[in-house]
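Architecture and fold: a report
Take a look at the letters that make up each chain.
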Amino acid sequence: MKTAKLSFFTASFLLAAAVQAAPGYKNVITEAELQAAQQAWGEALISISQAYQQGGRDQATSRAREVLDAAYGYNLGPVLFKPTLASGEQTFRTSYDGALAYFVGGNSAFADDSGFALKGWQGYQFRNAAVHINGDLALTMGHVMLTNAAGEVTTVDKTWGFKKDDQGALRIVLHHSSLPFSAN
């Protein structure tokens, strides 16, 4: 009898989950949308670097705010943001201000941040090792290659989570970045 209740509960749960998920399937993320969002992120990072070169930190901050507002899902809840060069108590940035400080620095609450986006980035490429799409949520994991003005390439390990919002825009809700492991 206990098994029958469990089976009934399991079936009820699965049916409820399917009914709740049904509206979201109208917003299924496509591979093309996902790749466009990843490319747009790289172009946005370069645009913050260019804004800094043209108009200093104030202009870069203005551009970074535009990028955060357009690309990240702070309107959906906390964004799980682990920047490449963050450490200690400020490793994880779930707030808008924490992400902004990482990109452009200048925030005394995040005094160790010098501005990752201010490093003169000129080029961007990404290579996904794997992509997982489940309706209106997609996860990617792979490498991002950033090129600076001297032509030097920095490769970072990157995991992103994208959620399609009610207007059909992809929003970054997970951004995890780290330098590749080195045994040396």
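Each remark here, short or long, concerns the structure printed above.
Our subject in this report is the structure included herewith. As the structure is a computational prediction, the values presented were derived from the model and not from experiment.

The next thing to look at is the side chain of D113. Take D113: it is sitting in the loop between α3 (96-104) and β2 (123-134). Since its relative accessible area comes to 11%, D113 is described here as buried. Here Y102 takes part through its backbone nitrogen, which lies 3.3 Å from a polar atom of the side chain of D113. If we ignore the near neighbours within four places in the chain, the residues touching D113 are R93, G98, A101, Y102, G105 and G106.

Further remarks concern the sheet that holds β2. An order of β1-β5-β4-β3-β2 is seen for the five strands of this open sheet, with the pairing classed as mixed. Strands with a single pairing partner mark the edges of an open sheet, and in this sheet they are β1 (80-82) and β2. Mean inter-strand twist for the sheet, computed between neighbouring axes without regard to direction, equals 25°. Sheet analysis places β1 next to strand β5 (residues 170-178), joined by three bridges and oriented parallel. What sits directly across from K82, in β5, is H176. Lying on the sheet, helix α2 (residues 31-71) is in contact with β2, β3 (137-147), β4 (153-164) and β5; it crosses β2 at an angle near 140°.

Running from N to C, α2 and α3 point in directions that differ by 60°, and their axes come no closer than 13 Å. As the angle between them shows, α2 and α3 are arranged oblique. Residues W41, L45, I48, R57, A60, T61, A64, R65, L68 and D69 of α2 form the contact with α3, whose own contacting residues are Y96, A99, L100, F103 and V104. Of the residues belonging to the contact of α2 with α3, the class tally is 11 nonpolar, one polar and three charged.

With that settled, the discussion passes to α3. In an α-helix, one full turn covers 3.6 residues, which means residues spaced three or four apart are oriented alike. The buried fraction of α3 amounts to eight of the nine residues, a majority that puts the element mostly inside the structure. Of all the residues in α3, the buried ones are Y96, G98, A99, L100, A101, Y102, F103 and V104. Lining the buried residues of α3 we find α2, β1 and β5. Trailing α3 by a residue or two, G105 shows a phi angle of about 65°, which is positive.

Analysis parameters
- Residues numbered from 1 in each chain as written.
- Predicted model: local features only at pLDDT ≥ 70, side-chain atom pairs only at ≥ 80, totals over all residues.
- Heavy atoms only, no water.
- Helix = DSSP H or I, 4+ residues; strand = E, 2+ residues; numbered from the N terminus.
- Buried < 20%, exposed > 50% of the residue type's maximum accessible area, 1.4 Å probe, protein only.
- Polar contact = N/O pair within 3.5 Å; in protein donor to acceptor, adjacent residues only side chain to side chain.
- Contact = heavy atoms within 4.5 Å.
- Pairing = 2+ DSSP bridges.
- Axes fitted to C-alpha atoms, helices over the stretch in contact; angles between N-to-C directions.
- Parallel < 35°, antiparallel > 145°, perpendicular 65-115°, else oblique.
- Nonpolar A, V, L, I, M, F, W, Y, C, P; charged D, E, K, R; others polar.

By themselves, these are just geometric observations and shouldn't be taken as functional.
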